[in-house]
Amino acid sequence: MAKAAASRYIVGNWKMYKTIEEALHFIDTIAPSAQKSKAKIMLAAPFTAIKSLSDKAKADNIAIGAQNMNDASEGAFTGEVAARMLKDAGAEFVILGHSERRTLYSETNDLINRKIKRALESELQPILCIGESYDEHQAGATEEVLKLQLTSCLQGIEKQGLSQVIIAYEPIWAIGTGLSLDAKIASQTHKSIQSMLKEMGADGKISIIYGGSVNASNAESFLSADAISGLLIGSASLHPETFAKIIELSQNIG
Ligand code: PGA
């Protein structure tokens, strides 16, 4: 698990894309940019590619992680994958609570809370995704929704555990739609999330990254905004040249 918080994170979420061969080719292409990057480069790969990628990626300054896991330590859960199996395959982190998991697989805050606890116990760094729907956004309920997600998903996690968590703020309506949030508005929301985390007893050093239709044209505006510690990138992380470009853009920002 990452011991010290990096100053910036560039995280790719490949979703259900890429065979092992495609994934290895991707790593080869971005390696020169990743090797000289000051940001922490992280790729959430499909389960099947984690083992093949992890050794090679580490040498290139890239951390490999997963996009989901089960909350139990092991057991008769056909088709599920446990945290210790991910760790064993070389994963360093896991994305939890992504809106696609919440919406398509009915994951609740309570389940996500149990998964985060299990990930921490297994020394996998959790990236907790939170975000409001379009209707909630329009109704001005964003902060209320985020607060509920944060307090429920992080319930019972002590300061030490909290310091390992990365929060990804992803407005659901911005994911995969091309409708990214204005960086200034995202920055304000990140500041509100910071205050909520402080109220919950976190020590103020939790990194909050932004996700939702980030691409090579808008990445710089998010990376240079206050309180945004990095990016969670879906579609644009599938193309190695685009992802490498975003890594390079992050170098220009102090
Ligand atoms: P997107 O996806 O970059 O394609 O909007 C982001 C995500 O799902 O994490």
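To keep things clear, this report deals only with the structure shown in the data block. (Residues numbered from 1 in each chain as written. Predicted model: local features only at pLDDT ≥ 70, side-chain atom pairs only at ≥ 80, totals over all residues. Heavy atoms only, no water.)

What follows deals with the packing of helix H7 (residues 142-153) against helix H9 (residues 183-199). Packed helices, taken two at a time, are described by the angle their axes make and the gap between the axes. It is the contact of H7 with H9, at a shortest axis distance of 10 Å, that shows an interaxial angle of 40°. By the angle between their axes, H7 is oblique relative to H9. Regarding H7 and H9, the two cross each other, and that crossing is right-handed. Residues Thr142, Glu143, Leu146, Lys147 and Leu150 of H7 form the contact with H9, whose participating residues are Thr189, Ser192, Ile193, Met196, Leu197 and Glu199. Residue composition of the contact of H7 with H9, grouped by class: 5 nonpolar, 3 polar and 3 charged. (Axes fitted to C-alpha atoms, helices over the stretch in contact; angles between N-to-C directions. Helix = DSSP H or I, 4+ residues; strand = E, 2+ residues; numbered from the N terminus. Parallel < 35°, antiparallel > 145°, perpendicular 65-115°, else oblique. Left-handed = near helix turned anticlockwise from the far one by under 90°. Contact = heavy atoms within 4.5 Å. Nonpolar A, V, L, I, M, F, W, Y, C, P; charged D, E, K, R; others polar.)

Ile10, Ile116, Leu128, Leu154 and Ile167 are the most contacted members of the largest nonpolar core, which totals 70 residues. In this structure leucine 154 touches Asn113, Ile116, Leu128, Leu162, Val165, Ile167, Leu197 and Met200, once residues within four positions along its chain are discounted. Ranked by size, the runner-up nonpolar core spans 13 residues in total, among them Ala44, Ile127, Ile166 and Ile209. (Core = buried A, V, L, I, M, F, W, Y, C linked by side-chain atoms within 4.5 Å. Buried < 20%, exposed > 50% of the residue type's maximum accessible area, 1.4 Å probe, protein only.)

The next point concerns the pairing of strand S5 (residues 125-130). Successive side chains on a regular strand alternate, one facing one side of the sheet and the next facing the other. The element S5 is extensively covered by neighbouring structure, given that 6 of its 6 residues are classed as buried. Every second residue of S5 is oriented toward a common face, with Gln125, Ile127 and Cys129 on one face and Pro126, Leu128 and Ile130 on the other, all of them buried. Note that S5 and strand S6 (residues 166-169) share 4 bridges and pair parallel. Residue isoleucine 127 lies in a different strand from S6, and its bridge partner there is isoleucine 166. (Pairing = 2+ DSSP bridges.)

Let's shift gears to the site of the ligand. Every one of the 13 residues lining the ligand counts as a neighbour, but Lys15, His98, Glu170, Gly176 and Ser235 are closest to it. At a separation of 2.6 Å, an oxygen atom of the ligand approaches a polar side-chain atom of lysine 15. Separating an oxygen atom of the ligand from a side-chain N or O atom of histidine 98 is a distance of 2.7 Å. Taking 280 Å² as the accessible area of the ligand by itself, protein coverage stands at 99%. Among the residues forming the shell around the ligand, the class breakdown is 4 nonpolar, 7 polar and 2 charged. (Near = heavy atom within 4 Å. Polar contact = N/O pair within 3.5 Å; in protein donor to acceptor, adjacent residues only side chain to side chain. Areas by Shrake-Rupley, 256 points an atom, 1.4 Å probe, with all protein chains shown as cover.)

Next up on the list: the pattern of salt bridges. Tallying each qualifying case throughout the model produces 11 salt bridges. Across the pair glutamate 100 and lysine 15 runs a salt bridge, and its minimum N-O distance is 2.8 Å. Here glutamate 100, found in helix H4 (residues 99-104), pairs with lysine 15, found in the loop between strand S1 (9-13) and helix H1 (20-35); they are 85 residues apart in sequence, far enough to count as distant. For glutamate 199, the salt bridge identified is with lysine 147, shortest N-O distance 3.1 Å. With glutamate 199 in helix H9 and lysine 147 in helix H7, this residue pair connects regions lying 52 residues apart in the sequence. (Salt bridge = Lys/Arg side-chain N within 4 Å of Asp/Glu carboxyl O.)

On to the sheet that holds strand S3 (residues 62-66). Read around the barrel, 8 strands follow the order S1-S2-S3-S4-S5-S6-S7-S8 and close on themselves; strand pairing throughout is parallel. Adjacent strand axes in the sheet meet at a mean angle of 25°, parallel and antiparallel pairs treated alike. Of the strand pairs in this sheet, S3 and strand S4 (residues 93-96) are connected by 2 bridges, and their pairing is parallel. Each bridged residue has a counterpart across the sheet, and for alanine 66 the counterpart in S4 is valine 94. Packed on one face of the sheet, H1 meets strand S2 (40-44) and S3 and runs near 165° to S2.

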